[in-house]
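Residue strings, one per chain:
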Amino acid sequence: MKFLGDRPPYDLTYNDVFMAPSRSSVSSRLDVDLTTPDGVGTTIPLVVANMTAISGRRMAETVARRGAIAVLPQDIPERAMRETVAYVKSRHTVYETAVTVHADEPVSNVLALIGKRAHRTAVVIDDQRAPIGLVTERQSRQVDRFATVGEVMTRELFTVKDGDDLSSVFDALTDHHFELAPVVQDDALAGVLTRQGILRSTIYQPALDGKGQLRIGVAIGINGDVRSKAAAALYAGADVLVVDTAHGHQDKMIDALGVVRAVRDEIEGELGTRVPIAAGNVVTPDGARDLATAGADIIKVGVGPGAMCTTRMMTGVGRPQFTAVLECASAATDLGASVWADGGVKYPRDVALALAAGAGSVMIGSWFAGTWESPGDLNTDADGRLFKESFGMASARAVSGRTQARGAFDRARSALFEEGISSSRMFLDPARPGVEDLIDSIIAGVRSSFTYAGARNIEEFRERALVGVQSASGYDEGRPRETSW
Ligand SMILES: NC(=O)C1=CN([C@@H]2O[C@H](COP(=O)(O)OP(=O)(O)OC[C@H]3O[C@@H](n4cnc5c(N)ncnc54)[C@H](OP(=O)(O)O)[C@@H]3O)[C@@H](O)[C@H]2O)C=CC1
Ligand SMILES: Nc1nc2c(ncn2[C@@H]2O[C@H](COP(=O)(O)O)[C@@H](O)[C@H]2O)c(=O)[nH]1
Ligand SMILES: [K+]
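Residues numbered from 1 in each chain as written. Chains lettered and ligands numbered in written order. Predicted model: local features only at pLDDT ≥ 70, side-chain atom pairs only at ≥ 80, totals over all residues. Heavy atoms only, no water.

1. Quick word on the site of ligand 1
At step 1: The environment of ligand 1 is formed by 17 residues, the closest being Asp 244, Thr 245, Ala 246, Gly 302 and Gly 304.
At step 2: One of the side-chain nitrogen or oxygen atoms of Asp 244 is found 2.6 Å away from an oxygen atom of ligand 1.
At step 3: Note that an oxygen atom of ligand 1 is positioned 3.2 Å from one of the side-chain N or O atoms of Lys 252.
At step 4: Taking 870 Å² as the accessible area of ligand 1 by itself, protein coverage stands at 63%.
At step 5: For the shell around ligand 1, the per-class residue count stands at five nonpolar, nine polar and three charged. (Near = heavy atom within 4 Å. Polar contact = N/O pair within 3.5 Å; in protein donor to acceptor, adjacent residues only side chain to side chain. Areas by Shrake-Rupley, 256 points an atom, 1.4 Å probe, with all protein chains shown as cover. Nonpolar A, V, L, I, M, F, W, Y, C, P; charged D, E, K, R; others polar.)

Below, the structure written as structure tokens:
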């Protein structure tokens, strides 16, 4: 990356910078390869943050199908972690998981489940899991909520067989004006195909492990029995281990990394794969170097930019994210490590700028909280807008959950040190209510950004990007105006 003009003597964040176009020989945005160079096996440079309100099994399978990876938070019990990893690994890599109900269930069950996935239609199955009908949210709302699914469902079904050609399925769905087709394998439901899903599977490559299963990451903290937590995650099938704490540049982190690296290396042969270790968070080259030297393959960068994060207001500590990524990436690269830019991403441009600064991938939390796939319950505000509740991992709410095993006094004392918001409303964007809609928009923006820079891949982009510094009005000029001024 080069600065257009002199690099200013102060630190910069995403809003402070812009990219100028360069002469390009990349003639199509589809010629851009967004495979990450960080060794995690993702085909687009996006990681879902290890936050309880954001990263669960539906989020993980959905993003992995499109080439990204989600990291499970360190707060969940070990058994839940194992079950979630196994569930994600059991999912089909092309067909989406259906919302299923039985004909004798009340429609209130449909209404409770339908908001959990993007396709807004439940498949009605019989006791052998064969699809016998479809039921939509609208059909369920038109009747008393104790009416049964069988009373309202559509019995006219267009099903496809496992292995059918996807473009023919797309054409058939279009001809019949159907949005969704159940896929049947050995007479049982194997998943669903939607027109949008089919299109997406021609644009994205799923993030697959050595066994051809969807990838998922697992976070472990630096407290407690780090060795056994790391071993449990590795044996469960985690594809990346994330050693994560607020202040990553501390002795306890360096010690934890030594332990995690040792256990990873010990069981590498048994697992038949070397699982990369990500560690953070830091914002200085010294921090990045210390973690890389202690065994991190990926350095997680960002103190204070997160939307749920109050660290900078509480402590004055942190660093504007663009400069933090730029400097840490340079230090990490010298030691053969990569960087994940973590936090503060609100627009596709921020992802592009993080990659220009040298990130191998970009971690997103709060932006993805307001989607069908985040784990929270769907709520409606007084104006009828859909939202989910989100909270920070250092909020009193998260700390109280994480420290349940401790005594009441200890828990209350820990909660005094909160550095995050305990409750926020993340609204679903009516135009992009699913995480895949957000991924589409991010990836479209980033691909376009690459062609403006004349870059075919992430390495070329970070070399060629031409970055300038702008004023607040320069940034404001770039915003679209939805009403006249
Ligand atoms: N990127 C960011 O800006 C931040 C991210 N987070 C996220 O919140 C989650 C929880 O992290 P965390 O609060 O570290 O909790 P952890 O449960 O990981 O505990 C952190 C450990 O570090 C010690 N510690 C020492 N100094 C600090 C400090 N300044 N801030 C916090 N802990 C410190 C704590 O001891 P003691 O409690 O006795 O001090 C404790 O033993 C993580 O997912 C983390 O990524 C949290 C804050 C900032
Ligand atoms: N200081 C805090 N940082 C937090 C907290 N919870 C999460 N985080 C960090 O934010 C990013 C995600 O950023 P976002 O802008 O995309 O939401 C996450 O990965 C953590 O590093 C918190 O309670 N306090
Ligand atoms: K913040």
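2. A short note on the domain arrangement of the chain
At step 1: With domains assigned, the chain is organised as domain 1 (2-92 + 207-477) and domain 2 (99-203).
At step 2: Taking only C-alpha atoms into account, the centre of domain 1 sits 33 Å from that of domain 2.
At step 3: Between domain 1 and domain 2, the residue contacts involve 14 residues of the former and eleven residues of the latter.
At step 4: Between domain 1 and domain 2 lies a buried interface of about 1,100 Å² when both sides are counted; carbon and sulfur atoms form 41% of it.
At step 5: When the buried area of domain 1 at its contact with domain 2 is split by residue, Arg 58, Arg 66 and Trp 372 rank highest and sum to 47% of it.
At step 6: At the boundary of domain 1 and domain 2, one finds four salt bridges. (Domains from an automatic or database assignment. Contact = heavy atoms within 4.5 Å. Buried area = accessible area lost by both parts, 1.4 Å probe. Salt bridge = Lys/Arg side-chain N within 4 Å of Asp/Glu carboxyl O.)

3. Regarding the site of ligand 2
At step 1: Taken together, the neighbourhood of ligand 2 is formed by 21 residues, with Cys 309, Asp 342, Ser 366, Ala 394 and Glu 419 sitting nearest.
At step 2: Residue Asp 342 places a side-chain N or O atom 2.6 Å away from an oxygen atom belonging to ligand 2.
At step 3: Ala 394 is positioned such that a nitrogen or oxygen atom in its backbone is 2.6 Å from an oxygen atom of ligand 2.
At step 4: Taken by itself ligand 2 offers 520 Å² of open surface, and the protein chains cover 89% of this.

4. Here's the deal with unusual backbone geometry
At step 1: At the junction of Gly 280 and Asn 281, the peptide bond is cis and its omega measures out at 10° in the coordinates.
At step 2: Examined against the element boundaries, Asn 281 turns out to sit in strand E13 (residues 277-282). (Helix = DSSP H or I, 4+ residues; strand = E, 2+ residues; numbered from the N terminus.)

5. Focus: the packing of helix H7 (residues 195-203) against helix H17 (residues 435-453)
At step 1: Remark: H7 packs on H17, axes separated minimally by 12 Å, with the N-to-C direction vectors making an angle of 35°. Crossing of H7 over H17 shows left-handed handedness. Across from Gln 196, Arg 200 and Ile 203 in H7, the residues of H17 making contact are Glu 436, Asp 437, Asp 440 and Arg 447.
At step 2: Its residues assigned to classes, the contact of H7 with H17 comprises one nonpolar, one polar and five charged. (Axes fitted to C-alpha atoms, helices over the stretch in contact; angles between N-to-C directions. Left-handed = near helix turned anticlockwise from the far one by under 90°.)

6. Brief notes about the nonpolar core
At step 1: Counting 112 residues, the largest nonpolar core has Val 243, Ile 299, Phe 322, Trp 340 and Phe 368 as its most contacted members.
At step 2: Setting aside its immediate chain neighbours within four residues, Ile 299 contacts Ala 279, Val 282, Ala 288, Leu 291, Ala 292, Ala 332, Ala 337, Ser 338, Val 339 and Trp 340. (Core = buried A, V, L, I, M, F, W, Y, C linked by side-chain atoms within 4.5 Å. Buried < 20%, exposed > 50% of the residue type's maximum accessible area, 1.4 Å probe, protein only.)

7. A short note on the coordination of the potassium ion (ligand 3)
At step 1: Ligation of the potassium ion (ligand 3) by protein atoms is provided by Gly 304 (O), Gly 306 (O) and Cys 309 (O), these donors lying 2.6 to 3.1 Å from the ion.
At step 2: Site description for the potassium ion (ligand 3): donor spacing in sequence, G-x1-G-x2-C.
At step 3: The class for Gly 306 is partly exposed, based on a relative accessible area of 25%. (Donors = N, O, S within 2.8 Å, 3.2 Å for Na, K, Ca; no water.)

8. Some words on the UniProt feature "active site" (unreviewed entry) in the chain
At step 1: The residues that UniProt annotates with the feature "active site" (unreviewed entry) are Cys 309.
At step 2: Turning to its location among the elements, Cys 309 is positioned in the loop between strand E14 (298-301) and helix H12 (311-315).
At step 3: Assessed through its relative accessible area of 26%, Cys 309 is described here as partly exposed.
At step 4: Each residue touching Cys 309, except ones within four places of it in the same chain, is listed here: Gly 304 and Glu 419. (UniProt positions renumbered as here; feature names shortened; annotations may be inferred.)

9. With respect to the environment of Val 345
At step 1: One can find Val 345 in the loop between strand E15 (338-342) and helix H14 (348-356).
At step 2: Each C-alpha atom, one on Val 345 and one on Ile 254, is 28 Å from the other, the two residues being 91 residues apart in sequence.

10. Focus on the sheet that holds strand E17 (residues 379-380)
At step 1: Strand order across the open sheet formed by three strands is E17-E18-E19, with antiparallel pairing between neighbours. Both edges of this open sheet fall to E17 and strand E19 (424-427), since each of them pairs with a single strand only.
At step 2: Note: E17 against strand E18 (residues 386-390), two bridges, orientation antiparallel. Opposite Asn 379, over in E18, you have Phe 387 as the bridge partner. (Pairing = 2+ DSSP bridges.)

11. Points about helix H3 (residues 107-114)
At step 1: Among the residues of H3, those classed as buried are Val 107, Ser 108, Val 110 and Ile 114. Across the axial projection of H3, the buried residues extend over an arc of 155°, all falling on one side. (Arc of directions from axis to C-beta.)

12. Thoughts on the confidence of the model for the chain
At step 1: In the predicted model, the chain carries a mean pLDDT of 95, and 100% of its residues have values of at least 70.
At step 2: If you check the scores for this complex, the pTM reads 0.96 and the ipTM reads 0.91. (pLDDT = per-residue confidence, 0-100.)

13. Some remarks on the UniProt feature "domain: CBS" (unreviewed entry) in the chain
At step 1: UniProt feature "domain: CBS" (unreviewed entry): in the numbering of this structure it lies at residues 153-210.
At step 2: Note that residues 153-210 is 34% helix and 26% strand, and that its end C-alpha atoms are spaced 41 Å apart.

14. With respect to the sheet that holds strand E2 (residues 17-20)
At step 1: Read across the sheet, three strands follow the order E1-E20-E2 without closing on themselves; strand pairing throughout is mixed. Each edge of the open sheet carries a strand with a single partner, namely strand E1 (2-3) and E2.
At step 2: Across two bridges, E1 lies against strand E20 (residues 466-469) in parallel orientation. Opposite Phe 3, over in E20, you have Val 467 as the bridge partner.

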